[in-house]
Amino acid sequence: MDRRSVLRATIATGTAATTAAVAGGAEAAPAGPPARALQVHILMYPGVEEMDFAAPVEVFGMARGLGGDITTTLVTVDASSPVTATHGTQVEVTGRWSPQNADLLVVPGGGCRRADTPGVAYEIQRGVLPAALRAARRRGLTIAGICTGTMLLSAAGLTTGRPCITHHRAVEDLRTQGALVTDARVVDDGDLVTAGGVTSGLDLALWLVERRLGAKLAVEVEQVLEYERRGTVWRA
């Protein structure tokens, strides 16, 4: 049985159990006020890698299109708009830095070797983004790093002593800085979720859709995108 079949079987079992409970006279939970939409903020900065932010934008956008209660906003700390990405793509960013209003903050990567060109290494040297990320941490906020975006989280002191992963070319730097490097495509340590290189942003976003909005929606998004998740999700 393949992974999608397992997920469908799990969904069906859960639905059947709920139906049986209602039929057996179980009382329905009282209706409360509707929960707000899941607020996803994706951090943008000069030199950000196109795939690292575009993959979650696509996944979360598709989830919304399929009925998921989710809103995605591109935000910047102090960069002017448009933001020029690694390969020259210019992206209009109208969202303001407001992590207090986010449920999920996604930090894409963008290289990490050269501090003299826009990207992660430059931002670490500049210090503004690490400071903003350090201050953003709070109860109820999940922070996710994609590819070398995890190195920005490391510079902010958010990965010390915690299971996480980054692009394979930056793994030793991440380990040296005190992280517990974990060999998985996606590493879920509760309020810190990280993914490996570039395309793993698809897997991270799909996992977060499943975790927050359910396996049924995640499978539907996969099917529309004609993409099947790869590798392992490590969970604390």
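Further up the page is the structure itself.
Owing to the predicted nature of the structure, the values given are computational and were not obtained by experimental measurement.

Caption draft 1: Up close: unusual backbone geometry. Looking along the chain, the bond that leaves Ser81 and enters Pro82 is cis, with omega of 5°. Within the secondary structure, Pro82 sits in the loop between β2 (70-76) and β3 (83-84). The phi angle at Cys147 is positive, at roughly 55°, despite the residue not being glycine. Take Cys147: it is sitting in the loop between β7 (142-146) and α5 (149-155). Residue classification places Cys147 among the buried positions, given a relative accessible area of 5%. Here the phi dihedral of Val198 falls at roughly 45°; this positive angle occurs in a residue that is not glycine.

Caption draft 2: Local environment of the sheet that holds strand β11 (residues 192-195). On the basis of which strands lie adjacent, the open sheet formed by eight strands has the order β5-β2-β1-β6-β7-β11-β10-β12 and mixed pairing. Of all the strands in the sheet, the pair left with one neighbour each is β5 (95-96) and β12 (233-235). Where strand β1 (residues 38-43) meets strand β6 (residues 104-107), three bridges bridge the pair, whose relative direction is parallel. Note that in β6 the partner of Ile42 across the bridge is Val106.

Caption draft 3: Structural detail: the packing of helix α2 (residues 50-65) against helix α8 (residues 215-225). Interaxial distance between α2 and α8 falls to 9 Å at its minimum, and their mutual angle equals 115°. Taken together, the axes of α2 and α8 lie roughly perpendicular to each other. Viewed along their axes, α2 and α8 form a crossing whose handedness is right-handed. Within the contact between the two elements, α2 uses Glu58, Val59, Met62 and Ala63 and α8 uses Leu217, Val221, Val224 and Leu225.

Caption draft 4: How the structure looks around the pattern of salt bridges. Under the definition given, this model contains 13 salt bridges. One salt bridge connects Asp173 with Arg113, and the closest N-O pair in it is separated by 3.3 Å. With Asp173 in helix α6 (residues 171-176) and Arg113 in the loop between β6 and α3 (120-126), this pair connects stretches of sequence that are 60 residues apart. Relative accessible area serves as the criterion here: at 32%, Asp173 is assigned to the partly exposed category. Residue class for Arg113 comes out exposed when judged on its relative accessible area of 56%. The residue Lys216 makes a salt bridge to Glu220 at a minimum N-O spacing of 2.7 Å. One end of the pair is Lys216 and the other is Glu220, both in helix α8 and four residues apart, which spans about a single turn. Judged by relative accessible area, which is 49%, Lys216 ranks as partly exposed.

The rules behind these values
- Residues numbered from 1 in each chain as written.
- Predicted model: local features only at pLDDT ≥ 70, side-chain atom pairs only at ≥ 80, totals over all residues.
- Heavy atoms only, no water.
- Helix = DSSP H or I, 4+ residues; strand = E, 2+ residues; numbered from the N terminus.
- Buried < 20%, exposed > 50% of the residue type's maximum accessible area, 1.4 Å probe, protein only.
- Pairing = 2+ DSSP bridges.
- Axes fitted to C-alpha atoms, helices over the stretch in contact; angles between N-to-C directions.
- Parallel < 35°, antiparallel > 145°, perpendicular 65-115°, else oblique.
- Left-handed = near helix turned anticlockwise from the far one by under 90°.
- Contact = heavy atoms within 4.5 Å.
- Salt bridge = Lys/Arg side-chain N within 4 Å of Asp/Glu carboxyl O.

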